[in-house]
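# Structural overview
Each chain is listed here by its residues.
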Amino acid sequence: MNRSDEIEVLYVAHRGEIYAYLVGLGLEPAVAQELTQEVYVRLIEELDGRSVRNHRAWLFRAAHNLAIDEHRSRSRASELPTAEYDHPKSPEDPEQLAMQRQKERTLMLAIRKLSPQQLACLQLRSNGLRYREIAEVLGISVPTVGEFLQRAIKNMRKVLYG
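For the structure given in this document, a descriptive report is provided here.

Cut-offs applied
- All chains use their own residue numbering, which begins from 1 and follows the written sequence.
- A pLDDT threshold of at least 70 governs which residues receive local features in this predicted model, and a stricter bar of 80 or more applies before side-chain atom pairs are shown or counted, although totals over entire chains, interfaces and linings include all residues.
- Excluding hydrogens and water, the side-chain figures rest on all heavy atoms present in the structure.
- Here a strand is any run of E in DSSP of at least two residues, a helix any run of H or I of at least four, and the numbering for each starts at the N terminus.
- Only protein chains enter the accessibility calculation, which uses a 1.4 Å probe. A residue is then buried if its area is under 20% of the maximum for its type, exposed if over 50%, and partly exposed in between.
- Between two residues, a contact is recorded if the distance between any of their heavy atoms is within 4.5 Å.
- Salt-bridge detection follows one rule: a side-chain nitrogen of Lys or Arg within 4 Å of a carboxyl oxygen of Asp or Glu.
- Side-chain atoms within 4.5 Å link the members of a nonpolar core, which is a set of buried Ala, Val, Leu, Ile, Met, Phe, Trp, Tyr and Cys residues.
- Orientation is described by lines fitted to C-alpha atoms, with helices fitted over the stretch in contact, and by angles between N-to-C directions that extend from 0 to 180 degrees.
- For any helix crossing, the convention is left-handed if the near helix is rotated counterclockwise from the far helix by under a right angle, and right-handed if that rotation is clockwise.
- Ten residues, namely Ala, Val, Leu, Ile, Met, Phe, Trp, Tyr, Cys and Pro, are considered nonpolar, four, namely Asp, Glu, Lys and Arg, are considered charged, and the remaining ones, Gly among them, are considered polar.
- Polar contacts, as counted here, are pairs of nitrogen or oxygen atoms within 3.5 Å of one another; within protein the pair requires one atom able to donate a hydrogen and one able to accept it, and residues that are adjacent in sequence qualify only if both atoms are side-chain atoms.

Another point: the overall build of the protein. Helix and strand content of the protein: seven helices and zero strands. Secondary structure elements of the protein, listed N to C terminal, follow the sequence α-α-α-α-α-α-α. Every one of the 162 residues in the protein was classed for burial, and the buried ones make up 38%. Counted over contacts in the protein with a minimum sequence separation of 6, partners at least 24 positions apart contribute 65%.

Shown next as structure tokens:
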């Protein structure tokens, strides 16, 4: 398989999850789309004369670094993502809708209380990356990944369940 075929296979296989990861880091969809493309431009440059051991982890690391750069350039490093939820079009029970919205607000509060490292580890894990891959993406040790995830879950439980 030649290099352009390899890039195409990687693009088709991972562009959706890279895009979702960038949106999950609080980037606007149009910016996330642009940065997703930039990740693959950087991969082409990286593969020119070098080899990448774990393409998926490399892609997430490049996306993570681009997101950090984007937040810094817009002076929004502390801004966290806001989730959009699909609400029933015509709720049969207004009380159920109110309870669902309260659950969503509580969940967003729990997410906002996470440190940036905890949030990044949680998002990468939810994208199916293994601890070793998360460590590679974030430039931290595998035990640190475990610690961040453990603290994130503990903190979210505290907010969600008291």
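Pairing between side chains of opposite charge can happen when their charged atoms approach one another. In the structure shown here, the tally under the stated rule is six salt bridges. Here R56 ties to E133 by a salt bridge, and the two come within 3.9 Å at their closest N and O atoms. Separated by 77 residues along the polypeptide, R56 in helix α3 (residues 55–73) and E133 in helix α6 (residues 131–138) bring together distant segments of the chain. Taking relative accessible area as the criterion, R56 reaches 17% and is therefore assigned buried. The shortest N-O distance in the salt bridge between E147 and R151 comes to 2.9 Å.

With that settled, the discussion passes to the nonpolar core. Core analysis: the biggest nonpolar cluster contains 34 residues, and I18, L22, V39, L43 and L124 have the highest contact counts within it. For this core, the leading source of residues is α3, giving eight residues. Among all residues touching L22, those that are not within four sequence positions of it are L27, A32, L35, T36, A63 and A67.

Their axes nearest at 9 Å, the elements helix α4 (residues 94–112) and helix α7 (residues 142–161) cross at an angle of 145 degrees. Judged by the sense of rotation from one axis to the other, the crossing of α4 with α7 is right-handed. Residues T106, L107, L109, A110 and I111 of α4 pack against M156, V159 and L160 of α7. Class assignment for the residues of the contact of α4 with α7 results in seven nonpolar, one polar and no charged.

This paragraph deals with the packing of helix α1 (residues 3–24) against helix α2 (residues 29–47). Between two packed helices, both the angle of their axes relative to each other and the distance between the axes serve to describe the pair. The interhelical angle for the contact between α1 and α2, taken along N-to-C directions, is 145 degrees, at an axis separation of 9 Å. Crossing of α1 over α2 shows right-handed handedness. Contacts between α1 and α2 involve R3, E6, I7, L10, Y11, H14, R15, I18, Y19, L22 and V23 from the first element and P29, A32, Q33, L35, T36, Q37, V39, Y40, L43, I44 and L47 from the second. For the contact of α1 with α2, the per-class residue count stands at 15 nonpolar, four polar and three charged.

Turning our attention to the side chain of T36. Among the structural elements, T36 can be located in helix α2. If near-sequence neighbours (up to four positions away) are discounted, T36 is found in contact with R15, I18, Y19 and L22.

Relative to the assigned elements, N127 resides in the loop between α5 (116–126) and α6. In this structure the side chain of N127 is engaged in a polar contact, spanning 3.0 Å, whose partner is the backbone oxygen of Q123.

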